[in-house]
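The chain contents come next:
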Amino acid sequence: MNLASQILTGRKPAAEAFRKPHLYDQLNAGANGRLPFLGSSSKIEHGESVGILSTVLYMQPANESGREACAWRSPGCSAACLAEGTGRMSMSGPRQARRRRHASFYADRARFLTDLAGEIAAHAKKAHKLGKVAAVRLNGTTDFPWHRLRVTYNGTEYPNIHAIFPDVHFYEYTKIPLAIQSRGGLPSNLHLTFSISERADADAYASEYLRAGFGAAVVTFTKRHIIPESFKLGRKRYQTTDGDAHDARFLDPSGSIVILSAKGRAKTDESGFVRATN
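Residues numbered from 1 in each chain as written. Predicted model: local features only at pLDDT ≥ 70, side-chain atom pairs only at ≥ 80, totals over all residues. Heavy atoms only, no water.

### Remarks on the pattern of salt bridges
As a reminder, the rule being used: Any carboxyl oxygen of Asp or Glu within 4 Å of a side-chain nitrogen of Lys or Arg constitutes a salt bridge here.
As enumerated under the stated definition, the model contains eleven salt bridges in all. Each of Arg34, Asp115 and Glu119 takes part in a single network of salt bridges with overlapping partners.

See below:
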């Protein structure tokens, strides 16, 4: 069994593909050409109800690939991670797809980004044809600073993939502090939502995002779609929005807190990652 097959079957971690560009085609060979990187989920698809056509990149979370993909994750977040714990995301097919994408990113990052840009172009074209707004979430299960990765597309080099598609809305959930995320500037078409955890510094970091006009998300023990009118963070109360209604966070009111209901293993969380409403 060759290395690509060992990675795809989970016998070797995706990180084994690091700087091995010859593996790229082997990893992505499909019956009708290269297998796609972008995908969807039921929550992503809910965006169509509000005129948004979204697509998402799912790779391996935490250190599942053999390298860290979520540097600021907390123990509670890791324990509750949807990708490896519940629903369709935890099934063998989606898990293998995440390994494939992650290994491809390691094997030949430049080619991965160029191919990814091609998929985004096709997605934007489809959204336009359907009369919907195109949106892309690159960190479906990771927390990478994609806006710092240069991309060559159609013979032109860009500072990041966002610059290629100024009319596409990019959005991410992140645990990276805003001061770090914003070094060198943020693309104008990138919306960030800070993901609150049980870490002692999480509320302070969330407040920074809220003051900057971005959002902050908190997982709670409330039932889906039953949310409080406001949520207290520190000494201040913020308006809330239902994070389970759809995934298009760039539509949220500026400086609002996104309420998400606990799912899967998060329902029994005791770390403080999942919070009671206040």
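### Points about unusual backbone geometry
For clarity, the threshold we go by: Comment: elements are numbered from the N terminus, with helices defined as DSSP H or I runs of at least four residues and strands as E runs of at least two. In this scheme, a residue with accessible area under 20% of its type's maximum is buried, one over 50% is exposed, and one in between is partly exposed, where area comes from a 1.4 Å probe on protein chains only.
With a phi close to 50°, Ala62 is a non-glycine residue in the positive phi region. Within the chain, Asn154 stands out as a residue other than glycine whose phi angle is a positive 55°. Structurally, Asn154 can be placed in the loop between strand E6 (151–153) and strand E7 (156–158). Here Asn154 falls in the exposed class, since its relative accessible area comes to 67%.

### Overview of the packing of aromatic side chains
Two descriptors summarise a pair of aromatic rings, namely the distance from one centre to the other and the angle between the planes of the rings. Note the threshold: Centres within 6.5 Å make a pair out of two Phe, Tyr or Trp rings, where for Trp the six-membered ring is used; the pair is then stacked when the planes are under 30 degrees apart, edge-to-face when over 60, and tilted otherwise. In this scheme, the term charge over a ring applies when either NZ of a lysine or CZ of an arginine sits within 6 Å of the ring centre and within 35 degrees of the ring normal.
Enumeration according to the criterion identifies 15 aromatic pairs in this entry. Judged by centre distance (6.2 Å) and plane angle (75°), the rings of Phe18 and Tyr106 are edge-to-face. Linking Phe18 in the loop between helix H1 (3–8) and helix H2 (24–28) with Tyr106 in helix H6 (residues 92–107), this pair joins segments that are 88 residues apart in sequence. Under the relative-accessibility criterion, Tyr106 is labelled buried at 7%. Summarising the aromatic geometry, the rings of Phe112 and Trp146 are spaced 6.4 Å apart at their centres and angled 20° between planes, so their arrangement reads as stacked. On the criterion of sequence distance, the pair formed by Phe112 in helix H7 (residues 109–130) and Trp146 in the loop between strand E5 (133–137) and E6 is long-range, its members being 34 residues apart. Trp146 shares its class with Phe112; the two are buried. One aromatic cluster is present, built from ring pairs that chain together Phe18, Tyr24, Phe37, Phe105, Tyr106, Phe112, Phe144 and Trp146. A cation over a ring is seen here: Arg67 above Tyr106, with NZ or CZ 6.0 Å from the ring centre.

### Some remarks on empty space enclosed by the protein
As a reminder of what qualifies: Site definitions follow a grid-based scheme: protein atoms alone, a 1 Å grid, a 1.4 Å probe that fits but cannot get out for cavities, and for pockets an open set with protein on both sides within 12 Å along at least five of seven lines, plus lining residues having an atom within 4 Å of a point. Grid points are joined across faces, edges and corners, and a volume is the space filled by probe spheres set on the points. Polarity classes work like this: nonpolar for Ala, Val, Leu, Ile, Met, Phe, Trp, Tyr, Cys and Pro, charged for Asp, Glu, Lys and Arg, and polar for all others, with Gly in that last group.
Counted under the stated rule, the structure contains two cavities of 30 Å³ or more. Computed from the structure, the largest cavity encloses a volume of approximately 60 Å³. Put simply, the parts of the chain that give the lining of the largest cavity at least two residues each are strand E8 (169–174) and strand E9 (190–195). Taken as a whole, the second largest cavity holds about 50 Å³ of empty space. Around the second largest cavity, the lining residues are Trp72, Lys175, Phe194, Ser195, Ser197, Arg199, Asp201, Ala202 and Tyr205. Counting residues per element, the ones that place at least two in the lining of the second largest cavity are E9 and helix H10 (202–211). Residues belonging to the lining of the second largest cavity are distributed by class as follows: four nonpolar, two polar and three charged.

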